[in-house]
Amino acid sequence: MLGIVSLLVVTAVVALVVQGRRDSMNVARARSLSVAETFAHAPGIAAALDSKDPTALLQPRAEEIRRSTGVEYIVVAGTNGIRYTHPDIALIGKHIIGPYKEALEGKPFTKTVTASRGLAVNSVVPVQRPDGTAAGLVSVGIKVDTVNKLAYPSIPLALGAAVAALALTAGGAALVSRRLGRQTRGLGPAEMTRMYEHHDAVLHAVREGVLIIGADGRLVLANDEARRLLGLPADAEGRAVTELGLDPRTAELLASGRVATDELRPAGNRLLAVNLRPTGERGGPPGTVATIRDTTELQAVTGRAETVRERLLLLYRAGARIGTTLDVTTTAQELADVAAPGFADCATVDLADSVLRGEEPEQPSGDVMDMRRTAVSGVGPDRPLYPLGRVIGFVPTSVEGLGSSSGHTWMVPDLTASQQWRLPDPEQAARILEYGFHSLLSVPLHARGVILGMANFWRAQNEAPFDAEDLSFAEELVARAAVSVDNARRYTREHEMAVTLQRSLLPSGLPEQNALDVAYRYLPAQAGVGGDWFDVIPLSGARVALVVGDVVGHGLHAAATMGRLRTTVHNFSTLDLPPDELLGHLDELVVRMDQDEETGGGSITGATCLYAIYDAVSGRCSVARAGHPGPALVLPDGTVQFPDIPAGLPLGIGGMPFEAIELEVPEGSRLVLYTDGLVERRDQDIDEGVAQLRNALAGRDRTPEETCDDVLEALLPTRPGDDVALLVARTRTLDPARRVQWQVDPDPAAVAGVRKEAMRWLADRGLDEEGFVTELILSELVTNAIRYGSEPISVRLLYDRALICEVSDCSSTSPHLRYAATTDEGGRGLFLVAQFAERWGTRYTERGKVIWSEQTLDESPPSG
C-alpha cells in the first residue's frame, strides 16, 4: 500500500515536474507572444518603422521592455528581415535567422528556434499600418535553459503542493465547480474564450464608438473608437460623462438614460449620430449603452446629393415651363422665372434685337454686341439692374469667342474683387455692389453657331459664390432654353411673314361714304395668323356692303385663301347682287377651291361669311350669312338685339341656297359684325360669350371707335387664341331734301319733262354746273328704258358724295356698251354715258333692273 502510495507520489512528482516544465514552456510561449503582440500593437511602432532611423526610436523602448518583462530579447525588423533592435548591438543591421515571412502575411506564430544565444522559444508578430499593410515584425524570445530552470525549484513545492492538493482537491473541487458555474452562467471554456475575443474586438477593432454608462451617469467602458470620436481623456472610465469636456448637448444626451435613435450631436468639428439603449431590460445591471457613428462625411455626401436632386428637379421644371409658347419674349421670361429664385437670387435675359424681330441672328461686326433687356426675375422692384427694354452693350473678354459655337461664358465669383466687369459702367457697378450682389454668372444663348443673347444670374441673399458646378448647370439650363428661344424666333419670323401677308390682304383703310360711320379692329391669333377678314364696300345708290368672314385654319394657307375670298367678294359686289345670291356664287367658288385642293393633295378649305347691304335711302339692311355668327343691332336707345337670321351652311358645303332677310335699322343704330373668335373660346361657351357681348354693347350711346374699345376690353382682356375681326357701323340716312323720284310715262315725249324737272331740282341745290351732263345722261337712260324696257319706269336722283342718276323699269334685259359703226343709227347712248359719268352699271331687283350712273362733284356735301 505504501509502495503504491509512494509510486503514486513519485509518479505525481515526476508528472508535476514534467508538467511544470511543460507549463513553463507554455508560459514562455504565452509571455513571448504577449510581449510581441503588445510591442507590435503599441502606438507609434508602425510610424517608427517607416521613419528614417527606426533603430534610434525603437532600440531604447525594446531594451526597456525586455528588462521589465524578463524576456531574452526583443528584435524589431523590417519587412526585408533586417534587424533594427537587438540586445547585442553588433547584431543590429544583420538578417534575422529563421522564418519570418509567415508573420508578414498577418499570421503571428511561436516556435522553438536556434537563435544567436542558443535554443529559444520565439514569437513573431507583424506590425501593421492603419491601412492593413505590414510595416515590419517584432520577434520576442526566451531561452529554453531559462525555461527549464524555472521548473527545478518548483519540485519540492510541487511535491508539497501535490500532497496538499490531494487533501484539498476533493473537498474544494465541488465548491469551486459550483461557484464557477454560477459566475460563468454555465459557459464552458470555449464559450468564455469566444466572449473574451468579442469583448476585445469591441474595445479595439469595431469602427463604431461604444460607451457603457452606469445608472449614476459615470462612464464604465469606452472602446477605442468612442475615445477617438469624443476625444476622451485616458482616465475617462469612472468619471461622470458631464465632466469629460464634451459638448453640453452631447453630454446631456449621454447622461439622460433615455432611449435615443440616430440623434445628431456635435463633437468638435464632427457631427455624431448617437443611439442609446438601457442595459437593464433583460436582467442586466442598470445603466445605458451608447453607440456613436461619425456622420460628418455622410452629411456632406447627403447635402451634395440633395443639391444634385434640386438641380435635376430644376432642369425638369425648365423643360416643362420653358417654351410653352412660341413667343420670344415669353420664352425669355420663362427662363428667368425658372432660374430665380431657385438657382440665383436674380436672373436677367438679354436678347439681340434681330432675335426679337424674328430675324436671323447676325454675326457681330465689332467688339460690342448690342442686346436688349428682355426679361427680369427675382429680388425686389428696387433692384439696381437695367430695366426692361434697355439696350445693353455686351463686351466679351475674348473677341474670338463672340459669335462662335463655344461662345463666351463669364463667371465672377466675387464681384468686389473683380475690376473687369466694372469697366463698361462703373456707376452702375457701384449701385449693384451697394445693393448686395456679390457673384455673377453670364452664359450665352447659342443656336446654330451664333449668339442669340445672354442669360445673367446674380446672387445677393445666397452667400455662396458661383462655382464650377453652378457654371455647368447654368450652361445646361441655358442650352435648353436657347433651343426654345430659337424656335420662337423662327416662328416669330414665319408669323410676321404671315401677318404681313394677311394685313396686305386686309383693308388698309376705309372707303369714303356717307351711309355709315364705321370703325374696325383686327387682332391676329396668339398662336398664328388665321383667315378672318372684313370689308366695307360702297355700292351704287347710297348703299354700303358690310362683309365679315372667317377661313378655317391658321397660317399662310388660311391667309392666302382669305385673300382670294375677299377679292372674289369685291368682284361679286360690283354686280350689285343681293346678299343671298352673292353667297351662293361664293359657295360655288369655295367648292371648286376644295376640289382643286383635294386634287393637289392639300387640305380642304372651309369658310364662313356674313354679307350685309345697308341702304341709306330706305334705312333698311339686307343680311345673309353662311355659317357665320349673326350681327348684333344696337338701337339708338341702347337696346341690344341679335336678329334671327337664317344661318345657312358654311361655304364649301354646297347644295343648299342661302336666305336673306331685311332689317329695319333706325338712324343712329349700330350694326356690330364679328368673327367667332370674339365670343367663343376653349374655356367658354359661345352663349356665354354672346351674353358678355350684349352687356358690353348695352347702355350709353357710344361712337363706333368707343364701342370697339369697350367690346375688346370686356371680352378679350388678353391676347386671343383665335383671330378676331370686329366691325361696328353707325347708320345714317340720306336727307329727303337730297333725293327725288319721278314716275315716267312710256312715251318718248316724256323725256323732255324729265330733263326739265331734273334741271330745276339741280338748280335748287346749286348744282347748275352738273345740269348739262345730267340732262344728257337722263335723256339716254330714260330713252333706252322707254324703248326697250317695260312699265313702270321711274327716275331717281340722289345727292350724296356724288350725283347719282337711277332709271328703273320692270325688264330684266340689260343694255351693253359697244362701239357703233358709222352706218348705225343708234348704239351710242351708253357710250356717251360711260364717257361723262364716273361710274355706271346695272343692278337687278325683284321687279326688274336699275341702270345707274355716278357723277363726281367738285365739292361733296357734308355727311348726314
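Refer to the preceding data block for the structure.
Quick notes on the rules
Residues numbered from 1 in each chain as written. Predicted model: local features only at pLDDT ≥ 70, side-chain atom pairs only at ≥ 80, totals over all residues. Heavy atoms only, no water. 1 Å grid on protein atoms, 1.4 Å probe; cavity = no way out; pocket = protein on both sides within 12 Å on 5 of 7 lines; lining within 4 Å. Points joined across faces, edges and corners; volume = space filled by probe spheres on them. Helix = DSSP H or I, 4+ residues; strand = E, 2+ residues; numbered from the N terminus. Nonpolar A, V, L, I, M, F, W, Y, C, P; charged D, E, K, R; others polar. Expected span 1.5 Å × (residues − 1). Buried < 20%, exposed > 50% of the residue type's maximum accessible area, 1.4 Å probe, protein only. Arc of directions from axis to C-beta. Contact = heavy atoms within 4.5 Å. Core = buried A, V, L, I, M, F, W, Y, C linked by side-chain atoms within 4.5 Å. Pairing = 2+ DSSP bridges. Axes fitted to C-alpha atoms, helices over the stretch in contact; angles between N-to-C directions. Parallel < 35°, antiparallel > 145°, perpendicular 65-115°, else oblique. Left-handed = near helix turned anticlockwise from the far one by under 90°. Phe/Tyr/Trp six-rings, centres within 6.5 Å; stacked < 30°, edge-to-face > 60°.

## Comments concerning the layout of surface pockets
- In this structure, the largest pocket encloses a volume near 1200 Å³.
- Lining the largest pocket are 36 residues, and of these Glu662, Arg843, Tyr844, Thr845 and Glu846 lie nearest its centre.
- It is strand β27 (residues 793–799) that provides the largest number of residues to the lining of the largest pocket, a total of four residues.
- Looking at the lining of the largest pocket, its residues break down into 14 nonpolar, seven polar and 15 charged.

## A few points about helix α17 (residues 686–697)
- The terminal C-alpha atoms of α17, which comprises twelve residues, lie 16 Å apart, in line with the 16 Å expected from a rise of 1.5 Å per residue.
- Those residues of α17 not exposed but buried are Gly689, Leu693, Ala696 and Leu697. Buried residues in α17, looked at end-on, bunch into an arc of 90 degrees, giving them a common side. In α17, the exposed positions angled more than 90 degrees off the buried face are occupied by Asp687 and Asn695.
- Tucked inside the fold, the buried residues of α17 contact β21 (632–634), β22 (640–641), β24 (670–674) and α18 (704–715).
- Trailing α17 by a residue or two, glycine 699 shows a phi angle of about 105 degrees, which is positive.

## Things to note about the nonpolar core
- Counting residues in hydrophobic clusters, the biggest one holds 57 residues, and the most contacted among them are Trp533, Leu546, Leu565 and Tyr611.
- With seven residues, strand β19 (residues 607–615) is the largest single contributor of residues to this core.
- Counting residues in hydrophobic clusters, the runner-up holds 39 residues, among them Ala318, Val338, Ala375 and Val443.

## Some remarks on the sheet that holds β21
- Ordered by their spatial adjacency, five strands build an open sheet running β16-β25-β24-β21-β22, and the pairing between neighbours is antiparallel. If you trace the sheet from one side to the other, it starts and ends with β16 (516–523) and β22, each paired once.
- Two strands pair when backbone bridges link them, and β21 and β24 are joined in this way by three bridges, in the antiparallel orientation. Each bridged residue has a counterpart across the sheet, and for alanine 632 the counterpart in β24 is valine 672.
- Across the face of the sheet, α18 comes into contact with β16, β24 and β25 (724–731) while running at roughly 30 degrees to β16.

## A look at unusual backbone geometry
- The omega torsion of the bond from alanine 340 to proline 341 falls at 10 degrees, within 30 degrees of zero and hence cis.
- Turning to its location among the elements, proline 341 is positioned in the loop between α11 (328–339) and β10 (346–351).
- The phi dihedral of alanine 542 falls on the positive side, at around 60 degrees, and the residue is not glycine.
- Along the chain, alanine 542 falls in the loop between β17 (530–539) and β18 (543–554).
- Of note in the backbone geometry, aspartate 576 takes a positive phi value of approximately 55 degrees without being a glycine.
- Looking at aspartate 576, the relative accessible area reads 8%, which means it is buried.

## Thoughts on the packing of α17 against α18
- Taken N-terminus to C-terminus, the directions of α17 and α18 make an angle of 140 degrees; their axes are 9 Å apart at the nearest point. Overall, the two elements α17 and α18 adopt an arrangement that is oblique. The hand of the α17/α18 crossing is right-handed. Residue-level inspection shows Gly689, Gln692, Leu693, Ala696 and Leu697 of α17 in contact with α18, the latter providing Thr707, Asp710, Val711, Ala714 and Leu715.
- Each residue belonging to the contact of α17 with α18 can be placed in one class, and the counts come to six nonpolar, three polar and one charged.

## A look at helix α20 (residues 771–788)
- An ideal rise of 1.5 Å per residue puts 26 Å on 18 residues; α20 measures up with 25 Å between its terminal C-alpha atoms.
- Inspection of α20 places Gly771, Val773, Thr774, Ile777, Leu778, Ser779, Leu781, Val782, Asn784, Ala785 and Ile786 among the buried residues, and these make up the whole buried set.

## Some remarks on the pairing of strand β11 (residues 369–378)
- By the criterion of burial, β11 is predominantly enclosed, with eight of the ten residues buried.
- For β10 and β11, the ladder comprises six bridges, and the chain directions are antiparallel. Bridge assignment links threonine 348 to a residue of β11, and that residue is valine 376.

## Points about the packing of α11 against helix α14 (residues 468–505)
- Closest axis-to-axis distance for the α11/α14 pair is 8 Å, and the angle between their directions is 165 degrees. Between α11 and α14, the angle is such that the two are roughly antiparallel. As for how α11 packs across α14, the hand of that crossing is right-handed. Two secondary-structure elements touch here, α11 through Val328, Thr331, Leu335, Val338 and Ala339 and α14 through Leu477, Ala481, Ser484, Val485, Ala488, Arg489 and Thr492.
- Among the residues forming the contact of α11 with α14, the class breakdown is eight nonpolar, three polar and one charged.

## Here we look at the packing of aromatic side chains
- Under the counting rule described, the total for this entry stands at six aromatic pairs.
- Summarising the aromatic geometry, the rings of phenylalanine 343 and phenylalanine 473 are spaced 4.9 Å apart at their centres and angled 55 degrees between planes, so their arrangement reads as tilted. One end of the pair, phenylalanine 343, is in the loop between α11 and β10; the other, phenylalanine 473, is in helix α14, with 130 residues separating them in the sequence. Assigned by exposure class, phenylalanine 343 and phenylalanine 473 land together as buried.
- Taking the centre distance of 4.7 Å and the plane angle of 35 degrees together, the rings of tyrosine 520 and phenylalanine 534 count as tilted. Placement of tyrosine 520 in strand β16 and of phenylalanine 534 in strand β17 is noted, with a sequence separation of 14 residues between them.
- Taking relative accessible area as the criterion, tyrosine 520 reaches 25% and is therefore assigned partly exposed.

What is shown is where atoms sit, not what they do.
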